[in-house]
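Chain and residue survey
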Amino acid sequence: MKYDYAILTDLDNTIYNWVDYFAPCFRAMVHAISANTGMEESIIVTQFQKVFARYGSVEYPFSVQRLEMCQAMSQDRVNVLAQAARVAFGQTRRKRLVPYPGVRETLMWAKANGIPVIAVSNAPWYLGWRRLWRLGLKGLFAGIAAAPGFQIEDDDLIAEAARLKQSGFTPALKWEIREDELKPSPNMYRTVMEALELDAPRTWIIGDSLVKDIGPALALGAIGIWARYGAKYEARNFDTLLAIRSEERRV
C-alpha cells in the first residue's frame, strides 16, 4: 500500500523517557533480590553487569536467571527470586513508564488524518511493542521495525520466551531487521519506506539521536525531526545506567 505521508519514530527517549523509566525499575529489582537473598546490592549489580555484557543488552528478559548466584540454586528457588524481581520491576514501571507530554495527542492527530506511524527501534520488536501496549499507545501505531529478539539458549526458557513475544500481541506491520542493518544504518528506515512506497520528502523521521535517527533520515532525503528533549533525565538514573553498562558490548 502506498501512503502520501508517514511518520517513522524512535521509541526510547522519543516516545517516553527510557532513562527515567528503566533505571528506577532496575534499582527496585536489585533491592528486591537483596532483600530476598541477603546479598549486598553492589555485588548483585556487578553480577548483572556480567549478564548484560554477555547478552549485549540491559533488557535481556531472563537476566535474573543468568545471575551467578542463581547457578547454585534449585530451579524452584530461582523461580521465586525471578518472580520477586519481576514484581518489583513491574510496580515501579507502572509509576515511571509514561509518554512524554504531547505524544499521545500527536499520535491521535496522525491517526485521525490517515498518517501511519511506524515505530523504529534497535530493541527486540516484542519488547518495544509490548511497551507501547503498556503505555496505551499500541492502537496509534501501524507497526514496528526492530530487531528479531534475543537468542534463548535454555530449553526451559524457550516456551517462556515465546509467550513473551505474544504478550503484547503481534502488530499488523512488522519488520525484523538484521543486526548489521539496525540504526545508525539508513537501511532500517529504507526497508520501511520501500515497503510502504513512501516518498522521502513526505516521510518524517523522529528521534532523540542525531547519529542514529536524524543522520540516517537526512541521508535518505527524509525530513528529520530531532527530539532534543530526550536528553533530559535525572542524574541519578543516568549514573545507574552508566554503572550497569560498564561491561556491555552493545545496547
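First, a word on scope: everything that follows refers to the structure included in this document. Keep in mind the model is a prediction, meaning the values are calculated, not measured. Throughout this document, residue positions are counted from 1 along each chain, in the order its sequence is written. Side-chain atom pairs in this predicted model are given and counted only at pLDDT of 80 or more, local residue features only at pLDDT of at least 70, and totals for whole chains, interfaces and linings cover all residues. With hydrogens and water stripped out, all remaining heavy atoms of the structure feed into the side-chain values.

**Some remarks on the sheet that holds strand E6 (residues 223-226)**
Convention followed: The pairing criterion for strands is at least two bridges between them, as found by DSSP. Counting from the N terminus, the helices are the DSSP runs of H or I reaching at least four residues and the strands are the DSSP runs of E reaching at least two. Lines fitted to the C-alpha atoms define the axes, with helices restricted to the stretch that makes contact. Angles between their N-to-C directions range from 0 to 180 degrees.
As summarised here, the arrangement of the 6 strands in space is E4-E3-E2-E1-E5-E6, forming an open sheet in which the pairing is parallel. Only two strands of the sheet have a single neighbouring strand rather than two, namely strand E4 (173-176) and E6. On average, each strand axis in the sheet is tilted by 20° relative to the strand beside it, whichever way the strands run. Where strand E1 (residues 6-9) meets strand E5 (residues 203-207), 4 bridges bridge the pair, whose relative direction is parallel. Each residue of the ladder has a partner; that of Leu8, found in E5, is Ile205.

**A word on the nonpolar core**
Put simply, the rule is: Take the buried residues of types Ala, Val, Leu, Ile, Met, Phe, Trp, Tyr and Cys, join any two whose side-chain atoms come within 4.5 Å, and each joined set is a nonpolar core. Type-normalised accessible area, obtained with a 1.4 Å probe on protein chains alone, sets the label of each residue: buried when under 20%, exposed when over 50%, and partly exposed for intermediate values. Note on contacts: a residue pair is in contact if any heavy atoms of the two residues lie within 4.5 Å.
Counting residues in each nonpolar core, the largest one holds 55 residues, and the members touching the most others are Phe22, Ile33, Phe48, Val64, Leu132, Leu137 and Phe141. Only helix H1 (18-37), helix H2 (41-55), helix H3 (75-96), helix H4 (103-112), strand E2 (117-124), helix H5 (125-135), strand E3 (143-147) and helix H9 (235-244) provide two or more residues apiece to this core. It is H1 that provides the largest number of residues to this core, a total of 10 residues. Apart from residues no more than four positions distant in its own chain, Phe141 is found in contact with Thr9, Leu11, Ile15, Leu107, Val117, Ile118, Ala119, Trp129 and Leu132. Core analysis: the next-biggest nonpolar cluster, separate from the first, contains 20 residues, Trp175, Ile177, Val192 and Leu220 among them.

**Looking at H1**
Filter applied, for reference: Multiply 1.5 Å by the residue count of a helix minus one, and that product is the helix's expected span. Pairs of N or O atoms are called polar contacts if they sit within 3.5 Å, as long as, within protein, a hydrogen donor faces a hydrogen acceptor (for residues adjacent in sequence, only side-chain-to-side-chain pairs).
Helix length check: H1 (20 residues) gives 28 Å between terminal C-alpha atoms against 28 Å at 1.5 Å per residue, within 8%. For H1, the tally of buried residues reaches 16 of 20 residues, placing the bulk of the element in the interior. The opening residue of H1, the one whose side-chain oxygen lies 3.3 Å from the backbone nitrogen of Val19, is Asn17. Gly38, located one to two residues past H1, shows a positive phi value of around 80°.

**Quick look at the pairing of E2**
By the criterion of burial, E2 is predominantly enclosed, with 8 of the 8 residues buried. Sheet topology note: the E1/E2 ladder contains 3 bridges and is parallel. Residue pairing for E2: Ile7 is matched across the bridge by Val117. Sheet analysis places E2 next to E3, joined by 4 bridges and oriented parallel. Of the residues in E3, the one forming a bridge with Val120 is Ala145.

**Some remarks on the packing of aromatic side chains**
For the record, the criterion: Within 6.5 Å between ring centres, the rings of Phe, Tyr and Trp (the latter by its six-membered ring) count as paired, and their orientation is classed by plane angle as stacked under 30 degrees, edge-to-face over 60, tilted in between. Working rule: Lys NZ or Arg CZ, within 6 Å of ring centre, within 35 degrees of ring normal, means a charge sits over the ring.
What the rule picks out here adds up to 14 aromatic pairs. Judged by centre distance (5.7 Å) and plane angle (25°), the ring pair of Tyr5 and Trp204 falls under stacked. Here Trp204 lies in strand E5 and Tyr5 lies in the segment before E1, a separation of 199 residues in the sequence. A relative accessible area of 37% means that Tyr5 is categorised as partly exposed. Ring geometry for Phe26 and Phe52: centres 6.0 Å apart, planes at 55°, overall tilted. Here Phe52 lies in helix H2 and Phe26 lies in helix H1, a separation of 26 residues in the sequence. Across the pair, exposure class does not vary: Phe26 and Phe52 are buried alike. One aromatic cluster is present, formed by Trp18, Tyr21, Phe22, Phe26, Phe48, Phe52 and Phe89 through successive ring pairs. The lysine or arginine in question, Lys174, covers the ring of Trp125, its NZ or CZ lying 4.6 Å from the ring centre.

**A closer look at helix H8 (residues 210-219)**
We count it as follows: By definition, the arc is the one covered by directions from the helix axis to the C-beta atoms.
Among the residues of H8, those classed as buried are Asp213, Ile214, Pro216 and Ala217. End-on, the buried residues of H8 take up no more than an arc of 165°, which puts them together on one face. In H8, the exposed positions angled more than 90 degrees off the buried face are occupied by Val211, Leu218 and Ala219. In this fold, the buried residues of H8 make contact with helix H7 (187-195), E5 and E6. Among the residues of H8, the N-terminal cap falls to Ser209, whose side-chain oxygen and the backbone nitrogen of Val211 are separated by 3.3 Å. A positive phi of about 85° marks Gly221, the residue just after H8.

Functional significance is not addressed by these values, which are geometric in nature.
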